[in-house]
Amino acid sequence: MAQKSFRMIYLNKVLPIFISPLGIISAFIILGIISRKMVYPFIGLVLLWLFSMPIISSSLIGFLENNYTIESSFNIPEHRTAVVLSGMVVTLKHGNQIHYEFSGAVDRILAGIDLIKSRKAKNLILTRGHLPWSKGEPEGEFLSKFAQSYGIKPDNIILTRTVQNTDDEAKAISQLIPRNERIILVTSAFHMPRAQAVFENQDIQTTPFPVDFRKETKKVDLLDFLPQSGAFNDTSMFVRETIGRVYYALKY
């Protein structure tokens, strides 16, 4: 069973690469090398420019987030449990020591802490996210210590078993709470629709608390039409998230 899970997580991470922007562009370049026709690398170059334009990537990210708006914990009704999904910690190594830093999704844990402190939830569930290639402790264990440093009592923090993706998180949490309990679900806005669908498939009712919004509000200028690596990353994220939504829609 563990070996099957190991293979599945690699398939889930590797297969989307082939239909990602990078995979599509690489396919055109390889096709050009094999056929010796310049039209294919030219198409790849055009796609690279389009996928890297902020004006396009921003619209795609906005599409992922368009069902949600920034919420204040003041507007959230009281629940027994708030759940913060993993995906915000970067593991670093310096000498023989493992260090942890936050990515842009740090808003997730900060929102969870705020919900507990504002008495919108009594318990905070954190997930032990840990992929086969990860080093160091599972993410939830680091986040638990971080939350405690902000005054959250250990008795109010619950950790799941080790999990590898959103589906694992939902299944693990379903074993910790009563059936059909409504929780406050905290994750990035672009990830929220998929997360809600997965959790509700496990008979967990969710009140969404989206954070980590990625679409910026700014005036359009010349730079929005020039290729940028950050925009390419956002376009790639849009494709990955769309694949995830389709996969879970077919699965459930």
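Summary of the structure given here. (Residues numbered from 1 in each chain as written. Predicted model: local features only at pLDDT ≥ 70, side-chain atom pairs only at ≥ 80, totals over all residues. Heavy atoms only, no water.)

**Focus: the overall build of the protein chain**
The condition is simple: A run of H or I in DSSP becomes a helix once it reaches four residues, and a run of E becomes a strand once it reaches two; helices and strands are each numbered from the N terminus. Categorising residues by exposure relies on relative accessible area from a 1.4 Å probe, with only protein chains included: less than 20% of the type maximum marks a residue as buried, more than 50% marks it as exposed, and the intermediate range marks it as partly exposed. Contacts were defined at the residue level, with two residues in contact if any of their heavy atoms lie within 4.5 Å. In these tables, accessible area is a Shrake-Rupley quantity obtained with a 1.4 Å probe, and a residue counts as shielded only by the protein chains included in the view. Counted charges follow a simple rule, with Lys and Arg positive, Asp and Glu negative, and His plus the chain ends left uncounted. A charge is said to be at NZ when it belongs to Lys, at CZ for Arg, at CG for Asp and at CD for Glu.
Counting its regular elements, the protein chain contains nine helices and seven strands. Viewed in the frame of its principal axes, the protein chain has a C-alpha envelope of about 65 × 50 × 45 Å. Counting across all 252 residues of the protein chain, residues that qualify as buried make up 41%. In the protein chain, the proportion of contacts linking residues at least 24 apart, taken out of those at least 6 apart, comes to 70%. Surface summary for the protein chain: the accessible area is close to 14200 Å², and the carbon and sulfur share equals 60%. Within the protein chain, the 22 negative side-chain charges are centred at a point lying 6 Å from the centre of the 28 positive side-chain charges.

**Observations concerning the side chain of Glu169**
We count it as follows: Take a side-chain nitrogen of Lys or Arg and a carboxyl oxygen of Asp or Glu: if they are within 4 Å of each other, that pair is a salt bridge.
Looking at the element boundaries, Glu169 is found in helix H7 (residues 166–174). For Glu169, which is buried and forms no salt bridge, the nearest opposite charge comes from Arg108, at a distance of 6.3 Å. Glu169 has contacts with Leu85, Ser86, Thr127, Val163 and Phe199, leaving out every residue within four places of it along the chain.

**Observations regarding the sheet that holds strand E6 (residues 182–188)**
Defined as follows: A pair of strands counts as paired when DSSP detects no fewer than two bridges linking them. With axes taken as lines fitted to C-alpha atoms, and helix axes fitted only over the stretch in contact, angles between N-to-C directions fall between 0 and 180 degrees.
In space, the five strands of this open sheet follow the order E5-E4-E1-E6-E7, with parallel pairing throughout. The two strands at the open ends of the sheet, each matched to only one other strand, are strand E5 (157–163) and strand E7 (205–211). Ignoring strand direction, the axes of neighbouring strands in this sheet form an average angle of 25°. Where E6 lies against E7, seven bridges are found, and the strand directions are parallel.

**Regarding the packing of helix H4 (residues 54–65) against helix H9 (residues 229–251)**
Which entries qualify depends on this criterion: Each angle gets one of four labels, with under 35 degrees taken as roughly parallel, over 145 as roughly antiparallel, 65 to 115 as roughly perpendicular, and the rest as oblique. Crossing handedness is read from the near helix: turned anticlockwise from the far helix by less than a right angle, it gives a left-handed crossing, and turned clockwise, a right-handed one. Only Asp, Glu, Lys and Arg are considered charged, only Ala, Val, Leu, Ile, Met, Phe, Trp, Tyr, Cys and Pro nonpolar, and every remaining residue, Gly among them, polar.
Put simply, H4 and H9 touch, their axes get as near as 8 Å, and they point 30° apart. As judged from the angle between their axes, H4 and H9 are roughly parallel. As for how H4 packs across H9, the hand of that crossing is left-handed. Residues Pro54, Ser57, Leu60, Ile61, Phe63 and Leu64 of H4 form the contact with H9, whose participating residues are Ala231, Asp234, Thr235, Met237, Phe238, Glu241, Thr242 and Arg245. In the contact of H4 with H9, the residues fall into eight nonpolar, three polar and three charged.

**Thoughts on H7**
Formally: Polar contact is defined as a pair of N or O atoms within 3.5 Å, subject to the rule that within protein one atom must be able to donate a hydrogen and the other to accept it, and that residues adjacent in sequence are counted only when both atoms are side-chain atoms.
Across the nine residues that make up H7, a large majority, seven, are buried. Packed against the buried residues of H7 are strand E1 (79–84), strand E4 (121–129), E5, helix H8 (192–201) and H9. Backbone nitrogen of Asp167 and a side-chain oxygen of the N-cap are separated by 3.2 Å at the start of H7; the cap is Asn165.

**A look at the nonpolar core**
The condition that has to hold: By nonpolar core we mean a set of buried residues, namely Ala, Val, Leu, Ile, Met, Phe, Trp, Tyr and Cys, connected to one another through side-chain atoms within 4.5 Å.
Formed by 25 residues in total, the largest nonpolar core has its most connected members in Ile109, Ile184, Val186 and Phe209. Contributions of two or more residues to this core are made by E1, helix H5 (107–117), E4, helix H6 (139–149), E6 and E7. Of all the elements, H5 adds the most residues to this core, at five residues. Setting aside residues up to four positions removed in sequence, Phe209 forms contacts with Glu71, Ser72, Ser73, Ile76, Ala111, Leu115, Ile184, Leu185, Val186, Thr187 and Met192. If you look at the next biggest cluster of nonpolar residues, it comprises 15 residues, including Val83, Ile173, Ile177 and Ala195.

**Examining the pairing of E6**
The test is simple: The definition of a right-handed crossover adopted here requires that, viewed with the strands pointing away, the path from the first strand over the helix to the second runs clockwise.
Among the seven residues of E6, six are classified as buried, and the element is accordingly described as predominantly covered. Looking at chain direction, E1 and E6 are connected through three bridges and run parallel. Across the sheet, Val83 pairs through a bridge with Leu185, a residue of E6. Of the crossover connections in this fold, the one passing from E6 over H8 to the parallel E7 is right-handed.

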